[in-house]
Amino acid sequence: MKKKKGKLVFRILFALIALAMLAWFAVPIAYGVLNVGNMAGIGMCLWLLLLCIAPFTRAMKSNGFTLVVYRFINCLFILLLAYGAACTAAMVTVSHTAPKANATAIVLGAKVEEKEPSAILAGRIEAARQYLEENPRAKAVLTGGRGTDEQLSEAHCMYNKLMEEGVGSERLYTEERATNTEENMRYTRLIMDSVGMNKNVAIVTDGFHQFRARLLAQKKGYSGDIGAVNAKTELLFLPTCAVREWFAIPTVFFE
């Protein structure tokens, strides 16, 4: 009897966790955020929720075919969870790597809404401003092109906002061709080499993005120390963004 009660409590606990995480992944959809991150997150939460329903698990184990399907999905679930845990650990570790003093700040772009920065881009601009204020001899490369639905480039938007915040134009360089993180790193290095900027870099982006950005910087031959300056990420979007990175990280090895 105690064993059955223990299992019931265990199932209820995990069901509540699954429901809470399901809501966390689903709510961003109401804000127009729908990508592989929250789709995968919702799928994992739904499967965990089903595993907490005893009649469902009994039904899946009732015949050979459904048992094979059940075990196959369970294996995928466990593998994805293990892979995600490893990626998340790497993301957290890299995001806590402090940059050298007065390193070159590489500020990675994000969406511009008409002529104003999106919430993610505004966070990166503020993080860059703070770093440049604390490191008066540091210079920054603002990198990001113009999307088809943007009225100005991400780099130019960042330049305008940092100028408004009192950062001198002589400290800011814009790179307006990049359309993804790989191009951010490739084109930024060309600017750094041509100007003779400090080879130590401080990548300014969200914490969940730091690991992939660092891998790409290393792949593009950055020879100096690579540190992280993290923008504040809205908590509502954090799980979706983190899980999206799980799927983006392997692309580094094909770029």
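We now turn to the structure provided with this report. (Residues numbered from 1 in each chain as written. Predicted model: local features only at pLDDT ≥ 70, side-chain atom pairs only at ≥ 80, totals over all residues. Heavy atoms only, no water.)

Turning our attention to the side chain of Ser153. Locating Ser153 in the fold gives a position in the loop between β4 (140-143) and α6 (154-164). Overall, Ser153 belongs to the buried group, its relative accessible area being 6%. A distance of 3.0 Å separates a polar side-chain atom of Ser153 from the backbone nitrogen of His156. Here Ser153 is in contact with Val112, Gly144, Gly145, Arg146 and Glu176, once residues within four sequence places are set aside. (Helix = DSSP H or I, 4+ residues; strand = E, 2+ residues; numbered from the N terminus. Buried < 20%, exposed > 50% of the residue type's maximum accessible area, 1.4 Å probe, protein only. Polar contact = N/O pair within 3.5 Å; in protein donor to acceptor, adjacent residues only side chain to side chain. Contact = heavy atoms within 4.5 Å.)

Attention shifts here to the side chain of Glu183. Within the element layout of this structure, Glu183 appears in helix α7 (residues 181-195). Those residues in contact with Glu183 that lie beyond four places of it in its chain are Arg177, Ala178 and Thr188.

Applying the stated criterion to the full structure yields ten salt bridges. Between Arg186 and Glu182 there is a salt bridge, with its nearest N and O atoms 2.9 Å apart. Taken as a pair, Arg186 and Glu182 lie in helix α7 at a separation of four residues, close to a single helical turn. Among the salt bridges present, the one from Arg189 reaches Asp193, with a minimum N-O distance of 3.5 Å. Taken together, the residues Arg189 and Asp193, both in helix α7 and four residues apart, mark about one turn of the helix. Of the residues examined, Arg189 reaches a relative accessible area of 32% and is grouped as partly exposed. Under the relative-accessibility criterion, Asp193 is labelled partly exposed at 43%. (Salt bridge = Lys/Arg side-chain N within 4 Å of Asp/Glu carboxyl O.)

Let us look at the sheet that holds strand β6 (residues 201-206). The strand order across the open sheet built from five strands is β5-β4-β1-β6-β7, with neighbouring strands paired in parallel fashion. Lying at the two open borders of the sheet, with one neighbouring strand each, are β5 (172-175) and β7 (226-231). Sheet twist, expressed as the mean angle between neighbouring strand axes with direction ignored, is 25°. Bridge count between β6 and β7: six bridges; the pairing is parallel. Note that in β7 the partner of Ala202 across the bridge is Gly227. Along the sheet, helix α5 (residues 119-134) contacts β1 (104-108), β4, β5, β6 and β7; its crossing angle with β6, the most-contacted strand, is approximately 150°. Across the face of the sheet, helix α8 (residues 210-219) comes into contact with β1, β6 and β7 while running at roughly 150° to β7. (Pairing = 2+ DSSP bridges. Axes fitted to C-alpha atoms, helices over the stretch in contact; angles between N-to-C directions.)

Now for unusual backbone geometry. One non-glycine residue, Asn102, lies in positive phi territory at about 55°. Mapped onto the elements of the fold, Asn102 is located in the loop between α4 (64-95) and β1. Of note, the phi angle at Glu114 is positive, near 60°, even though the residue is not glycine. Of note, Glu114 is situated in the loop between β2 (112-113) and β3 (116-117).

Counting 44 residues, the largest nonpolar core has Met185, Ile203 and Tyr222 as the members making the most contacts within it. Residue contributions to this core peak at eight residues, all from helix α2 (residues 36-51). Setting aside residues no more than four positions away along its own chain, Ile203 makes contact with Ile106, Leu108, Met185, Gln210, Ala213, Arg214, Ala217, Ile226, Gly227, Ala228 and Val229. If you look at the next biggest cluster of nonpolar residues, it comprises 25 residues, including Ala110, Ala128, Leu132 and Cys157. (Core = buried A, V, L, I, M, F, W, Y, C linked by side-chain atoms within 4.5 Å.)

Turning our eyes to something else, we now look at the packing of α7 against α8. α8 packs onto α7 with a crossing angle of 45° between their chain directions and a minimal axis gap of 9 Å. With respect to their mutual orientation, α7 and α8 come out oblique. Two packed elements cross with a definite hand, and for α7 against α8 that hand is right-handed. Across the interface between the two elements, Thr181, Glu182 and Met185 of α7 pack against Arg212, Ala213, Leu216 and Ala217 of α8. When the residues that make up the contact of α7 with α8 are grouped by side-chain class, the tally is four nonpolar, one polar and two charged. (Parallel < 35°, antiparallel > 145°, perpendicular 65-115°, else oblique. Left-handed = near helix turned anticlockwise from the far one by under 90°. Nonpolar A, V, L, I, M, F, W, Y, C, P; charged D, E, K, R; others polar.)

Tallied over the entire structure, the rule returns four aromatic pairs. Ring centres of Tyr31 and Phe237 lie 6.0 Å apart, and the angle between their planes is 85°; on these two criteria the pair is classed as edge-to-face. Of this pair, Tyr31 sits in the loop between α1 (2-26) and α2 while Phe237 sits in the loop between β7 and α9 (238-248), placing them 206 residues apart in sequence. In this structure Tyr31 comes out as exposed when scored by relative accessible area, which is 57%. The class for Phe237 is buried, based on a relative accessible area of 17%. Here the aromatic rings of Trp47 and Tyr70 are separated by 6.1 Å at their centres, their planes lie at 50°, and the arrangement is tilted. Highlighted residues: Trp47 in helix α2 and Tyr70 in helix α4, separated in sequence by 23 residues. Residue Trp47 is classed as buried on the basis of its relative accessible area, which comes to 9%. According to the relative accessible area criterion, Tyr70 is buried, its value standing at 10%. Site record: aromatic cluster; members linked through ring pairs are Trp47, Phe56 and Tyr70. For the cation-ring pair, Arg177 lies above Tyr187, with the distance from its terminal atom to the ring centre recorded as 3.9 Å. (Phe/Tyr/Trp six-rings, centres within 6.5 Å; stacked < 30°, edge-to-face > 60°. Lys NZ or Arg CZ within 6 Å of the ring centre and 35° of its normal.)

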